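Here is how the chains run, residue by residue.
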Amino acid sequence: MYYDGFGIYEINIDATPEGLENYEAIVSIVFEYLKMLTESGPQEWLYQELSLIDKVKFDFKDKELAKDYATSLSSWGHNQYVTPQHILSHSSLLRQYDADLISKCLRYLNPNNYRLFIGAQEHKAVECKLEEKYYGIQYNIADLPSHLKSNVKGSSSLSKQLYLPDRNAFLPDNLSVTKPDTPANPPAVEPVLLRKNGHIEVWFKKDDQFFTPHGRIGLTINSESVDNTPLNHLLTSLLCKLVSAELQEQLYSALLADSYFGITQRIGSINVGVSGYSSGLPHLLVTVLQKLKTFKVDAQQFSIYLEKEEQMIRSRRLEGPFQRLFDQQSMLNRVPAFDQDMLEEALKDVTLNGLQAHIESVLGKAYVKMLVSGNYEQSVALNTSSQVLDILQHRPAPRYLINAHRSLDIEPGYYVQNVPIGDQKGLNSAVVSTFYCGSESDVRDAVALQLLKNLVHNAFFTQLRTSEQLGYRVGASFGFTKNGKGILEFILEGESNPAYVTQRINQFIREYRLRLLELSTEEFESSVQSLISLKQEKLVSVDDEFGWHWAHINSDKYRFDKLESGIEHLKQLSKDDLLAFWD
């Protein structure tokens, strides 16, 4: 953190309950490491690595909004002078290696020049006698004990395990970009399906508009065992978190090199993704998958993450009313989904051996989807997919055994569901009124629903928030269920009686048709054009393009031309069409 004329160097550590009890040992080992850095002296090779990473980031920086970029640039001139020729790169590039200055800064990081902050719900060794003025938070301020100051010493056995990092094997070694003499105009809308069989389907999209050395590879491992029961849902969640935590340490150098990986749980699948500079991503993906396939559950880490999972699930009972309603809506709009009671009951059956067996259950029989996007050739995508198959060695899963994208079929009618909240003393409540209308497969329905949401949102907010002051979170949204039904939702959260709020929402809906009738031609056409302009906004990076294609692949709908067809239907949409859709 930088202030006027000085800076503060912060080291933040998230501790386990055991770590909190032994915080003095943590402080000691931190200063042992800082002492080792000071004695080792500046490492020019490390500076060169960091300098290279920063330069590559700057040279191939993605586009961003002009107002955000201008604001960030101007902020650098508040506390220091920046020469005009360096204003664009000042915050991005390292310019000069100064060993003496680095050594001087290191000498400030010593046990006589620090403050220690400990934040926890409770601490046995500290009695909090003071109270914060505004929120009533109890705290304490005390002088550091002498053994945590000048003579702080760490464990000799731990000190011997400290070392400087190795040279970064994940630095990009090939930043060349294949750019055709005549770029595609317009760029290709759809990825290409390269391979499809009972084990895998492989999609490929070459970067034909950004021409940067970036790439992104996504993988979904679809398996019946991922979340077909509450217990399996919990086991998959734990698996993803435990593997990610171990890889964070193993692949920390990849993160420094601006490459990223993720292992997350989706409905019916585990999602594995890597992104960054294209040349190293196939190797990074292989490393992540090998860890997932051969993962051995550590007992200590299992206990730590199981406790976190239990805390997270039980804390959901204290969520605000809107979040509680959102969770309940998920129960209606996707299958499978499990409520609070189901998950808490399943926690009793989570065991280390059960988690270890779950890995083979998920990966043993599966169907894999894969998308390779960015600065690649088709041969790289095919070779990488072959490596994926070699690692997983899975049996093909019949598609009917894999959890399909389904929702509960809500019959026409009027339904009211009351959802209790955990905080009975709270004054807030929430109402979500959901209208099922239209079909995602009907492009005209889909664009009419989105246009209607845009029109109704401002009127709804103005009436119930601004005029009637019924709540602080007021708005309308739209979406589609997993089986393609259109949804128009009206949301209000505040201190008003939910029964009264429901009446006011219903009254607003009854009266809004008249507003549609009175909508002028100019207002209607302006709203249509605004939505068309929004849909015509160009993607700005490989990541954006990947996200668009990946969403359509994972949904099993493969509607890559959805934007273009939506724009064409919007151009033909009339006010009478919108009224007919409303009715």
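That block above? That's the structure.
Notes on the structure follow.

So, how was this worked out
- Residues numbered from 1 in each chain as written.
- Predicted model: local features only at pLDDT ≥ 70, side-chain atom pairs only at ≥ 80, totals over all residues.
- Heavy atoms only, no water.
- Salt bridge = Lys/Arg side-chain N within 4 Å of Asp/Glu carboxyl O.
- Buried < 20%, exposed > 50% of the residue type's maximum accessible area, 1.4 Å probe, protein only.
- Patch = residues over 30% accessible without salt bridge, like charges linked within 9 Å, V, L, I, M, F, W, Y side chains within 5 Å.
- Areas by Shrake-Rupley, 256 points an atom, 1.4 Å probe, with all protein chains shown as cover.
- Helix = DSSP H or I, 4+ residues; strand = E, 2+ residues; numbered from the N terminus.
- Pairing = 2+ DSSP bridges.
- Axes fitted to C-alpha atoms, helices over the stretch in contact; angles between N-to-C directions.
- Contact = heavy atoms within 4.5 Å.
- Phe/Tyr/Trp six-rings, centres within 6.5 Å; stacked < 30°, edge-to-face > 60°.
- Parallel < 35°, antiparallel > 145°, perpendicular 65-115°, else oblique.
- Left-handed = near helix turned anticlockwise from the far one by under 90°.
- Nonpolar A, V, L, I, M, F, W, Y, C, P; charged D, E, K, R; others polar.
- Polar contact = N/O pair within 3.5 Å; in protein donor to acceptor, adjacent residues only side chain to side chain.

## As for the pattern of salt bridges
Taken as a whole and judged by the stated rule, the model has 20 salt bridges. Taking the shortest distance from any N to any O, the salt bridge between D208 and K205 comes out at 3.0 Å. In this structure, D208 and K205 share a single accessibility class: buried. Across the pair D561 and R559 runs a salt bridge, and its minimum N-O distance is 3.7 Å. Ionic contacts of the salt-bridge type, sharing partners, join the residues K205, D208 and E545 into one network.

## Focus: a nonpolar patch on the surface
Together, Y9, I11 and I13 make up a nonpolar patch on the protein surface, roughly 330 Å² of accessible area in all. Tracing the backbone shows I13 in the loop between β2 (6-7) and α1 (17-21). The exposure class of I13 is partly exposed, given its relative accessible area of 46%.

## Observations regarding the pairing of strand β9 (residues 269-277)
Across the nine residues that make up β9, a large majority, eight, are buried. Both strand β7 (residues 214-222) and β9 contribute to a ladder of nine bridges, which runs antiparallel. When the bridges of β9 are listed, I217 appears paired with V274. Where strand β8 (residues 260-266) lies against β9, seven bridges are found, and the strand directions are antiparallel. By the bridge assignment, Q265 is partnered in β9 with I270.

## Re the sheet that holds strand β13 (residues 473-480)
Strand order across the open sheet formed by three strands is β12-β14-β13, with antiparallel pairing between neighbours. Either end of the sheet is taken by a strand with one partner, and the two such strands are β12 (429-439) and β13. With direction set aside, neighbouring strand axes in the sheet form an average angle of 15 degrees. Bridge count between β13 and strand β14 (residues 485-494): eight bridges; the pairing is antiparallel. The residue bridging R473 from the neighbouring strand is E493, located in β14. Helix α11 (residues 321-333) rests against β12, β13 and β14 of the sheet, and its axis sits at about 30 degrees to β12.

## Considering the environment of R473
Within the secondary structure layout, R473 lies in strand β13. Since its relative accessible area comes to 38%, R473 is described here as partly exposed. Spatially, the C-alpha atoms of R473 and M312 are 25 Å apart, while their sequence positions differ by 161 residues.

## Focus on the packing of aromatic side chains
If you walk through the whole model with that rule in mind, you get 13 aromatic pairs. Each ring, one from F460 and one from F490, has its centre 5.1 Å from the other, and the planes form 65 degrees; the classification is edge-to-face. Placement of F460 in helix α15 (residues 443-467) and of F490 in strand β14 is noted, with a sequence separation of 30 residues between them. With respect to class, F460 is no different from F490; both count as buried. On the numbers, 5.5 Å between centres and 50 degrees between planes, the contact of Y512 with W582 is tilted. Of this pair, Y512 sits in helix α16 (residues 498-518) while W582 sits in helix α20 (residues 575-582); the two residues are 70 residues apart in sequence, bridging distant segments of the chain. The same class applies to Y512 as to W582, namely buried. Grouped by ring-pair contacts, the aromatic residues F435, F460, F490, F508, Y512 and W582 constitute a single cluster.

## Some thoughts on the environment of R559
If you trace the backbone, R559 turns up in the loop between α18 (542-554) and α19 (562-572). Assessed through its relative accessible area of 26%, R559 is described here as partly exposed. Measuring from C-alpha to C-alpha, the distance between R559 and H549 comes to 8.8 Å, with ten residues separating the pair along the chain. Look past the residues within four positions of R559 in its chain and what remains in contact with it is E440, S441, V443, H552 and S565.

## Some details on the packing of helix α10 (residues 299-315) against helix α12 (residues 340-347)
Remark: α10 packs on α12, axes separated minimally by 10 Å, with the N-to-C direction vectors making an angle of 155 degrees. Accordingly, the angle class assigned to the pair α10 and α12 is roughly antiparallel. Crossing of α10 over α12 shows left-handed handedness. Residues L306, E310, I313 and R314 of α10 form the contact with α12, whose participating residues are Q340, L343, E344 and L347. The residue inventory of the contact of α10 with α12, partitioned by class, reads four nonpolar, one polar and three charged.

## Some points on the side chain of S385
Mapped onto the fold, S385 is located in helix α14 (residues 378-392). A distance of 2.7 Å separates a polar atom in the side chain of S385 from the backbone oxygen of L382. Among all residues touching S385, those that are not within four sequence positions of it are R195, I200, V202 and M370.

## Some remarks on unusual backbone geometry
Positive phi outside glycine occurs at Q393, with the angle close to 50 degrees. Secondary-structure assignment places Q393 in the loop between α14 and β11 (395-396). Positive phi values are uncommon outside glycine, yet D556 reaches one of about 70 degrees. With respect to the element layout, D556 can be found in the loop between α18 and α19.

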